[in-house]
Amino acid sequence: MAKKIVPPIAKIIPKTLEKHGDVRIDNYYWLNDRENPEVIDYLNKENDYYQKSTAHTKQFQAILFEEMKARIKEDDQSVPYFYNGYWYITRFEIGKGYPIYARKKQSLEAEEEILFDCNEMAKDHAYFKLTGLSVSDDNKWISFGVDTVSRRQYTIQIKNLETNEILPLKIENTTGGATWANDNKTFFYSRKDEQTLRPDKIFKHELDSSPENDILVYFEKDETFDVSVYKSKSRKYIMINSDSTMTSEYRYLLASKPNGKFKVFQKRTRGLEYSISHFEDHFYIVTNKDKATNFKLMKTPEDATSKENWVDLIPHREQVLVEAIDIFKDYLVVSERFNGLNQLKIMPWKGKEYYLPFDSETYMAYTTTNIDFDTEILRYSYQSLATPSSVIDFNMRTKEKTVLKEQEVLGGTYDKSNYTEKRIWATAKDGIKVPISMIYKNGVVQNGKNPTLLYAYGSYGVTMDCHFSSVRLSLLDRGFIFAIAHVRGGEDLGRNWYDNGKLLKKKNTFTDFIACSEFLIKEKYTSNEHLYAEGGSAGGLLMGAIINMAPNLYKGVIAQVPFVDVVTTMLDDSIPLTTSEYDEWGNPNQKKYYDYMKSYSPYDNVVAQDYPNIYISTGLHDSQVQYWEPAKWIAKLRVLKTNNNQLYLDVNMDAGHGGASGRFEALKEIAKEYCFLLDLQGIQG
C-alpha cells in the first residue's frame, strides 16, 4: 500500500496585531524571517510535499517543456535598430539560455562587436539578469547593471568598448540604469534605499573617481515617490522624474552642462500627473491637467515650463485615453486607447492626420524603438491572441509598411485560421459591461464542458493587452479556452476604469472577475467543474479574494507570487514598495482604509469552507511580494479548508518576483502550472 503523502502543518505562534482598537491574531507571523532556519525548513517541507504529490506529472512536465521549447526559435535575434552610428542587435544561440548583445558599425554587413555574452556572465550564478545598457555619445563607454540575487538591486559597472576591459568600478544597490552626459565622462544613476528598495536618490559619477565621492544631486524625501533619471530623445536634456501613483514632478538639466543645477519643470501638485518630451524649442506634455481624466497633449516653450504656460495641442476626450507620444522631425505619433483597443494616430506637423488601420478586436499594437528624430519611418509591433508578434516599419509619408520580422512558431503546424478569437462582454454587479477577450481552437462547442483558463491582473492601471503566446498553444491544442477578463483596476477602458478599481473601490476588481466567471458559465463556454483562474502578484491578490468570495465557481486556481497579506504589509513601511503604494490601496494608518482593506485581504478572510484546488508559487528573494505572504496564506488555508482538494506551495529558493532567469528555465515553471491544470482535467498527454 502506497504511503500517504502528508502536507506540512506550520506551527502556530500567535502574534497580536492591534490598530485603531482592532485586534488581529496572526498565527504565522513568525514566517516573516528569512534568516530563521525553521522558516527555511518549513519552506523546504512545502516544496517536498509539492514535489512528491505531483511526482506522477513529472514526465508530463518534461513533455510540455520540450513541446513549448520546440516552438521557439533558439537561434533568434531582434530586429536591428540604428543609433549614433551603430546597429544594435540582441540575439540568442542554440542551446543557450541567455542573450548576446552586439553591435555593428554603420552597416549590417560590418563585423560584429559583442558587447556582452550573458551566457558567459551567468555561468556561476543560479540567477542572472543584465539590464540598463547605456552607451556614451562618443561610443567609447557602456554602462550596465547586474543582479545575481533576484531582488532587483543592480550593481552598475562600466566597460571600455575600445579595449573590451570592464573597469573595477562597482556601484551597488542601484536600479541598474545610467544616463551619460554629453561630456562622455559623467553619468547619473538612481540608488535604492537599502531596506525598502525604493529608488530615492540620484547621484552623479565621474569616470576615474571612486563611488564614495559621487555627488548626490537629488534626494526624494517623500516615501510615496520613486525617482528615475534619463536623457531626452533630443539628447539635449538630462531629466529626473519623481513619480507617485497620482502625482508627477520633473527636473531638467542641459546634458552639455552636467555640473549645472537641475531646474524644476513644474512643481508637484497633488493629483497632477504629467510626462514630458522635448522637440526643438518646446516641451510636449501628456497630462491630466484641468481634470483631463483620460489625459491630453499640451506644449510649452523651453524657457517657460510651469503649468500656466501650457497650451492644448490635443484636447481631452471623454472616450479616448492618451497613453504616450513619439516625436519625429516631421511627425507626431500619439498612442491612444479607445473602447479597450490600441490606436496609433499619425499627425504630420504639416498635413492631415490619420490612424493606422487595425481590424481585430483582440489585438495589441504599440510603438517600439524609435530613437531617431530625422526619419519618416515609424517602427511598431502588432500581435493578437492568434497572430504572432510582428515588428513593422511604417512609412508615415507613403503609408507603406514593411514587416521586418514575424515571430516564428516552429514545428510547421501552426495556422492562425485554426483558432477563433473574439471579445464578449459580461455584466458586472453594478451593471457595468466588462470585456472578455478569448481564444480557442475551432470546433469548440458551447456545451459547458470546455476547460477554460480565465486570467486577470486588475491593478495599478496596468492594461492586459491581447498578446500572442506560442506557449499557450499547449493548452489550446488540448481543448482549453483561454480568456482575459479586463477588470476594473486596469486601464483597459480608460482612466476611469482604473480609478473605479482602486482604493475604496478595489472590490470592483474582484466582483468584475466573478461576474466574468459567471458569464462564461451562463453562456455555456464552461462550468464550475471546468473553470480555472490565474493571476500573479496583485493578480494573486485577486485570486485570493475570489476564492474567499466565490470558491465554488472554480475547479482550480493558480496564484503566482501573490500579494495576499494586504493589511499587515501595508502597515509595515519597512517593506519594499509599501509607502509608494498608499495611493493604490490606501494608507491603513487611516481607519477607513484599514477597515476596507481588512474586509477583502485574502489572508485575513480565509474561513472554514471548501476551497478549489490551488497552486501557489513564490520566490525566496522576491522584493515585490515577500515570500512570507504566500507561505502564511497556505499555512492558514491548510488548517481551515474543509475539503481534500490539492493545495501546493512551490518556492523557488534561488529567485525573486520574476521567477527563473534563463530564457528556457521560465518554461519549466509554466510547464508546472499547465500540468496542474491538465492533471485536474484528467488530461495526461
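Structure's up top.
Residues numbered from 1 in each chain as written. Predicted model: local features only at pLDDT ≥ 70, side-chain atom pairs only at ≥ 80, totals over all residues. Heavy atoms only, no water.

Peer 1: Looking at this model, I keep getting lost on the overall build of the protein. Mind explaining?
Peer 2: Helix and strand counts for the protein stand at twelve helices and 38 strands. Here the C-alpha radius of gyration of the protein, 26 Å, is about what a compact globule of 685 residues would show, namely 26 Å. Dimensions of the protein, computed from C-alpha atoms along their principal axes, come out at roughly 75 × 55 × 50 Å. Within the protein, buried positions represent 58% of all 685 residues. At a minimum sequence separation of 6, the contacts of the protein that also span at least 24 residues come to 55%. Per element, the accessible surface of the protein, about 28600 Å² overall, is 49% carbon and sulfur. Between the mean site of the 87 positive side-chain charges and the mean site of the 95 negative ones, the protein shows a separation of 3 Å. (Helix = DSSP H or I, 4+ residues; strand = E, 2+ residues; numbered from the N terminus. Rg over C-alpha atoms; globule rule 2.2 N^0.38 Å. Buried < 20%, exposed > 50% of the residue type's maximum accessible area, 1.4 Å probe, protein only. Contact = heavy atoms within 4.5 Å. Areas by Shrake-Rupley, 256 points an atom, 1.4 Å probe, with all protein chains shown as cover. Lys, Arg positive; Asp, Glu negative; His and termini not counted. Charge placed at Lys NZ, Arg CZ, Asp CG, Glu CD.)

Peer 1: What is the right way to look at helix H6 (residues 507–522) in this model?
Peer 2: A turn of α-helix holds 3.6 residues, and therefore any two residues three or four places apart point the same way. A rise of 1.5 Å per residue sets the reference length of H6, with its 16 residues, at 22 Å; its end C-alpha atoms lie 22 Å apart and thus fit the reference within 8%. Extensive coverage of H6 is indicated by the burial of twelve of its 16 residues. Within the span of H6, buried status applies to Asn508, Thr509, Phe510, Thr511, Asp512, Phe513, Ile514, Ala515, Cys516, Ser517, Phe519 and Leu520. (Expected span 1.5 Å × (residues − 1).)

Peer 1: What exactly am I supposed to notice about the nonpolar core here?
Peer 2: A general tendency of soluble globular proteins is for nonpolar side chains to be buried together. Core analysis: the largest hydrophobic core is formed by 110 residues, its most contacted members being Leu43, Ile436, Leu454, Phe513, Ile546, Tyr554 and Trp633. Broken down by element, this core gets its largest block of residues, eight residues, from helix H12 (residues 665–681). In terms of nonpolar packing, the next biggest core, distinct from the first, is built from 16 residues, Ala365, Leu378, Tyr380 and Ile392 among them. (Core = buried A, V, L, I, M, F, W, Y, C linked by side-chain atoms within 4.5 Å.)

Peer 1: For this particular structure, what's the right way to read the pairing of strand E31 (residues 419–427)?
Peer 2: On a regular strand, each side chain points to the face opposite its neighbour's, so the side chains alternate between the two faces of the sheet. Alignment of E31 against strand E32 (residues 433–441), held across nine bridges, turns out to be antiparallel. Across the sheet, residue Thr427 finds its bridge partner in E32, namely Lys433. What sits between the antiparallel neighbours E31 and E32 is a turn of five residues, in which Gly431 has the positive phi angle 90 degrees. (Pairing = 2+ DSSP bridges.)

Peer 1: Got a minute to help me understand the sheet that holds strand E15 (residues 226–231) in this structure?
Peer 2: Within a sheet, adjacent strands bond to each other through the backbone by hydrogen bonds, running parallel or antiparallel. One open sheet accounts for four strands, arranged E15-E16-E17-E18; its pairing is antiparallel. The sheet is open, and its two borders are formed by E15 and strand E18 (263–264), each paired with just one other strand. Strand direction decides the pairing type here: strand E16 (residues 237–243) and strand E17 (residues 248–254), joined by seven bridges, are antiparallel. Directly across from Tyr237, in E17, lies its bridge partner Leu254.

Peer 1: Help me understand unusual backbone geometry in this model?
Peer 2: Leaving glycine aside, a negative phi is the common case for residues, and trans is the common case for peptide bonds. Here the phi dihedral of Asn139 falls at roughly 65 degrees; this positive angle occurs in a residue that is not glycine. With respect to the helices and strands, Asn139 occurs in the loop between strand E7 (129–135) and strand E8 (141–147). Located in the positive-phi region is Asn184, a residue other than glycine, with phi close to 65 degrees. Topologically, Asn184 is positioned in the loop between strand E11 (171–180) and strand E12 (186–192).

Peer 1: Would you mind showing me how to read the sheet that holds strand E4 (residues 86–91) here?
Peer 2: If you trace the four strands from one edge of the open sheet to the other, you get E3-E4-E5-E6, paired in antiparallel fashion. Only two strands of the sheet have a single partner each, and these edge strands are strand E3 (81–83) and strand E6 (112–117). Across the sheet, the mean angle separating the axes of adjacent strands is 30 degrees when strand polarity is ignored. Here E4 runs beside strand E5 (residues 100–105); their pairing, made up of six bridges, is antiparallel. Bridge assignment links Arg91 to a residue of E5, and that residue is Ile100. (Axes fitted to C-alpha atoms, helices over the stretch in contact; angles between N-to-C directions.)

Peer 1: Is there a simple way to think about the pattern of salt bridges in this case?
Peer 2: Side chains bearing opposite charge may pair, as long as their charged atoms lie close to each other. Applying the stated criterion across every chain yields a total of 48 salt bridges. Among the ionic pairs, Asp22 bridges to Lys598, the shortest N-O distance being 3.0 Å. Of this pair, Asp22 sits in strand E2 (residues 22–26) while Lys598 sits in helix H10 (residues 591–600), and the two are 576 residues apart along the sequence. Under the relative-accessibility criterion, Lys598 is labelled partly exposed at 27%. Sharing partners across several salt bridges, the network here consists of Arg91, Glu93, Lys96 and Glu112. (Salt bridge = Lys/Arg side-chain N within 4 Å of Asp/Glu carboxyl O.)

Peer 1: Quick question: what am I supposed to make of the packing of helix H2 (residues 58–70) against H12 here?
Peer 2: When two helices pack together, their arrangement is given by the angle between the helix axes and by the axis-to-axis distance. Two elements in contact, H2 and H12, have axes whose closest approach is 9 Å; the angle formed by their N-to-C orientations is 125 degrees. Looking at the two axes, H2 sits oblique to H12. H2 and H12 meet at a crossing whose hand is right-handed. In this structure, H2 contributes Phe60, Gln61, Leu64, Phe65, Met68 and Lys69 to the contact, and H12 contributes Leu667, Lys668, Ile670, Ala671, Lys672, Tyr674, Cys675 and Leu678. (Parallel < 35°, antiparallel > 145°, perpendicular 65-115°, else oblique. Left-handed = near helix turned anticlockwise from the far one by under 90°.)

Peer 1: How should the side chain of Ser601 be read in this particular structure?
Peer 2: Take Ser601: it is sitting in the loop between H10 and strand E37 (613–619). Leaving out residues up to four positions away in the same chain, Ser601 has contacts with Val564, Asp565, Val566 and Val567.

Peer 1: Mind showing me how you'd approach the pairing of E2 here?
Peer 2: Direction of pairing for strand E1 (residues 15–19) relative to E2: antiparallel, over a ladder of five bridges. Counterpart to Leu17 in the pairing with E2 is Arg24. Hairpin remark: E1 followed by E2, antiparallel, with two residues in the connecting loop; positive phi at His20, about 55 degrees.

Peer 1: What's the story with the packing of aromatic side chains in this structure? I'm lost.
Peer 2: Ring pairs (aromatic) are described by centroid distance and by the angle formed between their planes. Under the criterion given, the structure shown has 42 aromatic pairs. With a centroid separation of 6.0 Å and an interplanar angle of 50 degrees, the aromatic rings of Tyr49 and Tyr648 are classed as tilted. Separated by 599 residues along the polypeptide, Tyr49 in helix H1 (residues 37–53) and Tyr648 in strand E38 (residues 647–652) bring together distant segments of the chain. The two residues Tyr49 and Tyr648 agree in class, both being buried. Each ring, one from Tyr98 and one from Phe128, has its centre 6.0 Å from the other, and the planes form 80 degrees; the classification is edge-to-face. Linking Tyr98 in the loop between E4 and E5 with Phe128 in the loop between helix H3 (118–121) and E7, this pair joins segments that are 30 residues apart in sequence. Side by side, Tyr98 and Phe128 carry an identical accessibility label, which is buried. Each member of the aromatic cluster is reached from another via a ring pair, and the members are Tyr237, Tyr250, Tyr252, Phe265, Tyr274, Phe283 and Trp310. Cation over ring: Lys15 sits above Tyr29, and NZ or CZ is 5.0 Å from the ring centre. Lying across the ring of Phe225, Arg268 places its NZ or CZ 4.1 Å from the centre. (Phe/Tyr/Trp six-rings, centres within 6.5 Å; stacked < 30°, edge-to-face > 60°. Lys NZ or Arg CZ within 6 Å of the ring centre and 35° of its normal.)

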